[in-house]
Every structure is written in C-alpha cells, then in structure tokens.
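Observations on the three-dimensional arrangement
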Amino acid sequence: MEELCRGSTIGVCYGRNADDLPTPDKVAQLIQVHQIKYVRIYDSNVQVLKAFANTGVELMIGIPNSDLLYFSQFQSNADTWMKNSILPYYPTTKITYITVGAEVTESPANISALVVPAMVNVLNALKKVGLHKKIKVSSTHSLGVLSRSFPPSAGAFSSKFASFLKPMLEFMVENQSPFMIDIYPYYAYRDSPSNVSLDYALFSSTSSEVIDPNTGLVYTNMFDAQLDAIFFALMALNFRTLKIMVTETGWPSKGSPREKAANPDNAQTYNTNLIRHVINDTGTPAKPGEEIDVYIFSLFNENRKPGLESERNWGMFYPDQTSVYSLDLTGKGNVDMVTGANITSSNGGGWWCIASSSASQAVLQNGLDWACGPGNVDCSAVQPSQPCFQPNTLVSHASFVFNSYFQQNGATDIACSFGGAGVKVNKNPSE
C-alpha cells in the first residue's frame, strides 16, 4: 500500500445543492488551477465523473441516503450501478472511495439498519469487477455518533447506535476501510460560546489550553480534541487500528445575526490553520505524527441548502468562481488567490511564469480561458491589433496571461500551475 508514506492530504467537498453553480467541466478546471488533488462529491453524477476524467484528481463519490434502500435490497441493484455508473468512467476518472450513506444517524428516518447491507452489496459489486482493493467502501458520520466527546479520553459511541456501528466497524477492519467523520468546531462554538473559546475553535489559541484529566494530554484546538474523542471511542471497542479520515470540516463566511462568528476572517483563519496543521503531519495529542486526510467543506456557497444563513455560506468560492476569502490549499504560504488587482509591471522577485512549450493545446486553452475569466486577468493586450497579439500563437498568448495572473497573485508556485502548463523562469521572457 503506497498510501502509507504519502503524508497527510487536503481535499475539498464539491457539494451541488445550488441552482447557480458553474458546469462540472468548469469546476474541474478551477480545481486543477488551485492544485486540489482530492475531491469529494455526494453522488455519482455522470457529468461530474466525466468532467474529472484525465485530471489526476482522486474522487470520493457517494450513495445518498435516499438510495440506501435500493442498494441494500438486492445485490443485482449494486451490480447494475457498478456496470452503468462506475465502470464506464474508471480509471480515467480516479475514483478511490465510495461513501454509502452520509451522517445517517442525523437522518430523521431510521435508515441506519440499511447502511451495512448496502455497503456489503457495493463491496461485492466491486469484487466482481476486481476493484475492491482500489476503491474503498465506507460511510460518513457526524460527531452525533458519540454520546460523550469530552474529555477526549472519555469519548464513547452512543449505545443507541451500537447495533448499527458494530457490524460496520467490523466491515471496515476486514476491508481496510477508513472510519469517516465530519468535524465542525464551528457548531460547538456557536452553540456554547460560553464554554468554548473562539481561539480554541480556530486553532489560534496560545492561552486557552484544555488538559484531559485522564491522560494529561494538552489540547490547543478543538479539532484535535474532537478527533481524539473518536479515536478513544474506537479504542474502547477494540478498533484501534482503524484509520480515521475527516470527510468534512470548515467554517462559514457569513451567517444570521446570531451567528456572529460566521465571517470571512474566521473562515480564512480556520481553514488556513487547519491546512498547516494537517500537512505538517502534526497528528493529534493522542496520535502524534499520525497522517490524516481532511476534506474542507466546501468548494462553493450552495444557495439551496436549508437552515440558518450560515448553511448557504460554507464555500471557498462564489458561484462565479471568485474567492470568498484568500486561501492557499497547499499550505505553503497564504496568498491572495484571485484578486482584481493588476500589477503586471512588478516582477515576482525576479521570477516570471510562462506557458510550457510541451503542454497540449487543450491544457493551454483551459488555462487561458480560466485566467481571462474567473482569474480576473485583463486579457485585452493579447487581442487582435493590441500590443501583445504578436506572435499570434497560443503558447505566446498563454505566457502573457499566465504571467499576469502569477504577478498579481503573489508570484507563488501555486499561482503558476495552470494544470501543469505553467513554468517559472528567472529570466524576463519579454527580452
């Protein structure tokens, strides 16, 4: 298993509960420009699967709660889905996980009994086509599966879910599937601001440490405390070997009047600190140095989500693909990804970004279209009869546009990626 030494990863949840989002192929471009390598979707939508073909992005797909009955009833239902919805797109689209049901314990209907039978049928369908080692089957959970989460060492699964969790955990151990948890310090802070300090929820605490009286472990942020509560709950049931994966976490940038902590500054702080914490392989107090894969919720603000105002404002991007706040998903430095400023004249500390002569025309055109659209680059200079139209080649136009984007976005490595078509050079290309 090569995964064991690759380090922690950051992914993004691409929810589509909105009526104003860009088409999936535009979204796939946006994801590549921002060097996002891991994406979670909540269904197996054909347009989305097609859009991610040949991108190298690893995709977690989902079976919605509303389909659990169908998948749990008959093996043939899972086989048909595998044949029609997965096989035609695999492996050009790198599907790596299938989530069977999402946070089912939060669901009003009692559907938890359907999850394991559905997982078994999906696994069998994968086995029949020889993909059970390449695509892992799991299910996502909210922190509501715990009856206790504090202190972390007292973490315990709620007894009312025991009949559903035990066979599921056994299934996961047997098939090396990760335990998937959605962790939201935002809700803990919002619902009891008197007990939880904002700094502790945002990973920015230097003063408000929490000590677990049973273990003596010191917690400086709520994310770690909630994660370790899951670890201790698993350990209490003798499932200590399960890898834990965070399939959703994030912070909203806007909320209703009573949701004062939902603002762009806090969202930026939370996600920036989260990314740094994760990619350094910091681990948690109970599992220092442990690699952990985390998916940030979410890619876009989704205007059709029900509930308080914050529910529609978890996105890193607006539907027009501009950034809600600046965020560097690589964790290498915080750069303003998409700004309207145009500072082409300055040079990025002696660096320029040009288009690779070996990049395909399609990749160059993609990068060009993205930069001149959502990337906010002024591309008028490469239009006919304008100063930079000649030489009239795609690679020359792309170089001008890539460099404009690069210079106005902090001249960082990430601002010169363009799906692999951008190359940083330290000699002025216009000379």
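To start, this report covers the structure provided alongside it. The residue numbers shown here count from 1 along each chain, following its written sequence. Where local features are concerned, this predicted model is filtered to residues with pLDDT of at least 70; where side-chain atom pairs are given and counted, the filter is 80 or more; whole-chain, interface and lining totals use all residues. No hydrogens and no water enter the side-chain calculation; it runs on all heavy atoms of the structure.

Regarding the environment of Glu170
Applied cut-off: Secondary structure elements follow DSSP: runs of H or I of four or more residues count as helices, runs of E of two or more count as strands, with numbering from the N terminus.
With respect to the helices and strands, the residue Glu170 is situated in helix α6 (residues 162-174). Spatially, the C-alpha atoms of Glu170 and Leu242 are 9.9 Å apart, while their sequence positions differ by 72 residues.

Some words on helix α1 (residues 24-33)
Formally: A simple rule labels every residue: compare its accessible area, found with a 1.4 Å probe on the protein chains alone, to the largest value its type can have, and call it buried under 20%, exposed over 50%, or partly exposed in between. Note on contacts: a residue pair is in contact if any heavy atoms of the two residues lie within 4.5 Å.
Of all 10 residues making up α1, seven are buried, and the element is well covered by its neighbours. Every buried residue belonging to α1 is among Pro24, Val27, Ala28, Gln29, Leu30, Ile31 and Val33, and all of these are buried. At its buried positions, α1 is contacted by β2 (38-40), α2 (46-51) and α11 (361-372). At the exit of α1 stands Gln35, carrying a positive phi of roughly 55°.

Remarks on the packing of aromatic side chains
Here is the rule: Between the rings of Phe, Tyr and Trp (Trp by its six-membered ring), a pair exists once the centres lie within 6.5 Å; its type follows the angle of the planes, with under 30 degrees stacked, over 60 edge-to-face, and the other angles tilted. In this scheme, Lys NZ or Arg CZ marks a charge over a ring once it lies within 6 Å of the ring centre and within 35 degrees of the ring normal.
Throughout the structure, instances matching the rule amount to 19 aromatic pairs. Among the aromatic residues, ring-to-ring pairing joins Tyr184, Tyr186, Tyr187, Phe203, Phe223, Trp251, Tyr270, Phe297 and Trp314 into one connected group. The cationic tip of Arg16 hangs over the ring face of Tyr14; the distance from NZ or CZ to the ring centre is 5.9 Å. Here the basic side chain of Lys424 rests over the ring of Trp351, its NZ or CZ set 4.6 Å away from the ring centre.

Some details on the packing of helix α5 (residues 112-128) against α6
Definition in use: For helices, the fitted axis covers only the stretch in contact; all axes are lines through C-alpha atoms, and the angles between them, taken along N-to-C directions, range from 0 to 180 degrees. Between 65 and 115 degrees an angle is taken as roughly perpendicular, under 35 as roughly parallel, over 145 as roughly antiparallel, and anywhere else as oblique. Crossing chirality is assigned from the near helix's rotation relative to the far helix, an anticlockwise turn below a right angle marking it left-handed and a clockwise turn marking it right-handed. Residues are grouped as follows: nonpolar covers Ala, Val, Leu, Ile, Met, Phe, Trp, Tyr, Cys and Pro; charged covers Asp, Glu, Lys and Arg; every other residue, Gly included, is treated as polar.
Two elements in contact, α5 and α6, have axes whose closest approach is 9 Å; the angle formed by their N-to-C orientations is 20°. By the criterion of interaxial angle, the relationship of α5 to α6 is roughly parallel. Crossing of α5 over α6 shows left-handed handedness. The segment α5 lies against α6, with Ser112, Val115, Val116, Met119, Val120 and Leu123 engaging Phe164, Pro167, Met168, Phe171 and Met172. By residue class, the composition of the contact of α5 with α6 is 10 nonpolar, one polar and no charged.

Things to note about α5
Put simply, the test is: Every helix has an expected span of 1.5 Å times one less than the residues it contains.
The first and last C-alpha atoms of α5 sit 26 Å apart over 17 residues, in line with the 24 Å expected at 1.5 Å per residue. What α5 keeps buried is the set Ser112, Val115, Val116, Ala118, Met119, Asn121, Val122, Leu123, Ala125 and Leu126.

Observations regarding empty space enclosed by the protein
Applied cut-off: Of the grid points, spaced at 1 Å and generated over the protein atoms alone, those admitting a 1.4 Å probe that cannot get out make up cavities, while open sets with protein on both sides within 12 Å along at least five of seven lines make up pockets; any residue with an atom within 4 Å of a point is treated as lining. Grid points are joined across faces, edges and corners, and a volume is the space filled by probe spheres set on the points.
Using the criterion set out here, one finds three cavities of 30 Å³ or more in the structure. Space inside the largest cavity adds up to approximately 100 Å³. Along its surface, the largest cavity is lined by Leu227, Asp228, Phe231, Ile244, Gly283, Thr284, Lys287, Glu290, Glu291 and Ile292. Sort the elements by how many residues they give to the lining of the largest cavity and helix α9 (residues 222-236) lands first, with three residues. A class-by-class count of the residues in the lining of the largest cavity yields four nonpolar, two polar and four charged.

Overview of the pairing of strand β4 (residues 94-102)
Heads up, the rule is: At least two bridges found by DSSP between two strands are what make those strands a pair. When the strands point away from the viewer, a crossover counts as right-handed if the route from the first strand across the helix to the second turns clockwise.
Extensive coverage of β4 is indicated by the burial of seven of its nine residues. Alignment of strand β3 (residues 58-63) against β4, held across six bridges, turns out to be parallel. By the bridge assignment, Met60 is partnered in β4 with Tyr97. Direction of pairing for β4 relative to strand β5 (residues 136-141): parallel, over a ladder of four bridges. Paired with Thr99 across the two strands is Ser138, which belongs to β5. Handedness of the β4-α5-β5 crossover: right-handed.

Thoughts on the side chain of Glu259
Put simply, the rule is: Here a polar contact is recorded for every N or O atom pair within 3.5 Å, except that within protein the pair must consist of a potential hydrogen donor and a potential acceptor, and residues adjacent in sequence are included only if both atoms are side-chain atoms.
By the element assignment, Glu259 lies in the loop between β11 (244-249) and α10 (264-279). Separated by 2.8 Å, the side chains of Glu259 and Arg190 make a polar contact. Once residues lying within four places of it in the same chain are set aside, the contact partners of Glu259 are Tyr186, Arg190, Leu308, Glu309 and Ser310.

With respect to the environment of Phe406
Mapped onto the elements of the fold, Phe406 is located in helix α12 (residues 394-408). For the pair Phe406 and Ile354, spaced 52 residues apart in sequence, the C-alpha separation works out to 9.3 Å.

Some words on the sheet that holds β4
One closed barrel holds the eight strands; their spatial order is β1-β2-β3-β4-β5-β8-β11-β12, and the pairing between them is parallel. Going across the sheet, the axis of each strand differs from the next one's by a mean of 25°, ignoring polarity. Contacts between α5 and the sheet are confined to β3, β4 and β5, with β5 contributing the most and set at about 155° to the helix. Running over the sheet, α10 touches β1 (10-13), β11 and β12 (294-297) and is turned about 170° from β12.

Overview of the packing of helix α4 (residues 75-86) against α5
One way to put it is that α4 packs onto α5 with a least axis distance of 8 Å and a crossing angle of 50°. Taken together, the axes of α4 and α5 are oblique relative to one another. Crossing handedness for the pair α4 and α5: right-handed. Between α4, through Gln75, Ala78, Asp79, Trp81 and Met82, and α5, the contact on the second element is made entirely by Val120, Asn121, Val122, Asn124, Ala125, Leu126 and Lys128. When the residues that make up the contact of α4 with α5 are grouped by side-chain class, the tally is seven nonpolar, three polar and two charged.

Let's talk about unusual backbone geometry
Here Tyr90 and Pro91 are connected by a cis peptide whose omega angle stands at 5°. Among the structural elements, Pro91 can be located in the loop between α4 and β4. One non-glycine residue, Asp281, lies in positive phi territory at about 50°. Within the secondary structure layout, Asp281 lies in the loop between α10 and β12. In this structure Asp281 comes out as partly exposed when scored by relative accessible area, which is 24%.

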